[in-house]
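Notes for the structure review
For reference, the chains in residue letters:
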Amino acid sequence: MSTLDKYSTINNNSGTINSYSSIVNEKIYSSKHYDDLFKFVIIGDSGVGKSCILLRFADDTFTDNYYSTIGVDFRFKCVDIGERKCKLQIWDTAGQERFKTVTSAYYRGADGIIIVFDQTDKESFNNIQNWIDDISKYSTEDPAKIIIANKDDISNEKKIIKSEDISELEKKTGLEVIKTSAKTGENIDYAFKKLTQKLLIDRTNRILSKGYSLEPPVPVEGRFAPKKNCISCIDI
């Protein structure tokens, strides 16, 4: 991993960014064109794979070496949803109870929140509602949310959380649950793009509700590209 790709870490004592590389990385991204900027926060119990999910999404890498996030880390990545280039500022939070005072501060101003549980850990599954309650308690807005069921690469025999449990969770919370594997990369990009697409749809609907019109389709290589107000039609 290059110097610029290293995580930035929030110093838990001073509350300041403790990595020069991330400041440089931010300046590089700031110089690039993008249409939308969204702040994402990844939350969930310790050990569910939040940092591995972020590493897989940002760098397409994976490590088996487990380490606990101290305070908060963050990364940037741009994704394309149809014609729009979206810059994502993604915060990876510590799952331990002792860091909740620090990490809960990062809910404020979040556009999207990803709640993660481990399919082999019943407690992390049972705590999903507690994390949702924290979002309601600490968020200043009503962020878009999805739930990630991580470690889908593990055999079904070793999974404690079954498909019927996940279906029941979706009914109970009203949130989509996406099965992923940070180890294999299964559905990692899809999950982030799905949440980004949801935010673009919400933003488009707000614009249209105020009576503004959006640009018509533009010919692309002999065919018409999707309308910008038809973001939900885009295959991600």
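Sequence order as written defines residue numbering, which begins from 1 separately in each chain. Residues qualify for local features only when their pLDDT is at least 70, as the model is predicted, and side-chain atom pairs are given and counted only at 80 or more; totals for whole chains, interfaces and linings, by contrast, use all residues. Derived side-chain values reflect all non-hydrogen atoms in the structure, with water molecules and hydrogen atoms excluded from consideration.

Moving on, we get to the environment of Asp202. Looking at where Asp202 falls in the secondary structure, it is placed in helix 7 (residues 188–209). When its relative accessible area of 29% is taken as the criterion, Asp202 is described as partly exposed. Note: C-alpha distance between Asp202 and Ala144 (58 residues apart in sequence) is 9.0 Å. Numbering of helices and strands runs from the N terminus; a helix is a DSSP stretch of H or I covering at least four residues, while a strand is a stretch of E covering at least two. Each residue is placed in one exposure class: buried if its accessible area under a 1.4 Å probe, protein chains only, is under 20% of its type's maximum, exposed if it is over 50%, and partly exposed if it falls in between.

A low pLDDT means the predicted coordinates there should not be read in detail. What pLDDT expresses is the predictor's confidence in each residue, scored from 0 to 100. Confidence along the protein averages 79 in pLDDT terms, with 69% of residues attaining 70 or more. Within the model, the stretch residues 216–228 combines pLDDT values under 50 with 16 contacts to residues more than four positions away or in other chains. We call two residues in contact when some of their heavy atoms are within 4.5 Å.

A few words on the nonpolar core. Within soluble globular proteins, side chains that are nonpolar tend to cluster in buried spots. Counting 26 residues, the largest nonpolar core has Phe40, Leu88, Ile90, Ile114 and Phe192 as its most contacted members. Broken down by secondary-structure element, the contributors of at least two residues to this core are strand 2 (36–44), helix 2 (50–59), strand 3 (72–81), strand 4 (84–93), strand 5 (112–118), strand 6 (144–150) and helix 7. Considering every element that reaches this core, the biggest residue donor is helix 7, with six residues. In contact with Ile90, other than residues within four places in its own chain, are Phe40, Ile42, Leu54, Phe57, Asp73, Phe74, Arg75 and Phe192. Within this scheme, the nonpolar core is defined by two criteria: the residues are buried Ala, Val, Leu, Ile, Met, Phe, Trp, Tyr or Cys, and they are joined through side-chain atoms within 4.5 Å. Ranked by size, the runner-up nonpolar core spans 24 residues in total, among them Phe76, Tyr106, Tyr107 and Ile128.

With that out of the way, let us pick up helix 5 (residues 128–138). Within the span of helix 5, buried status applies to Ile128, Trp131, Ile132, Asp134 and Ile135. Around the axis of helix 5, the buried residues are gathered within 155° of arc, so they sit on the same side. Turned more than 90 degrees away from the buried face of helix 5 sit Ser136 and Lys137, all of them exposed. What the arc covers is the set of directions going from the helix axis to the C-beta atoms.

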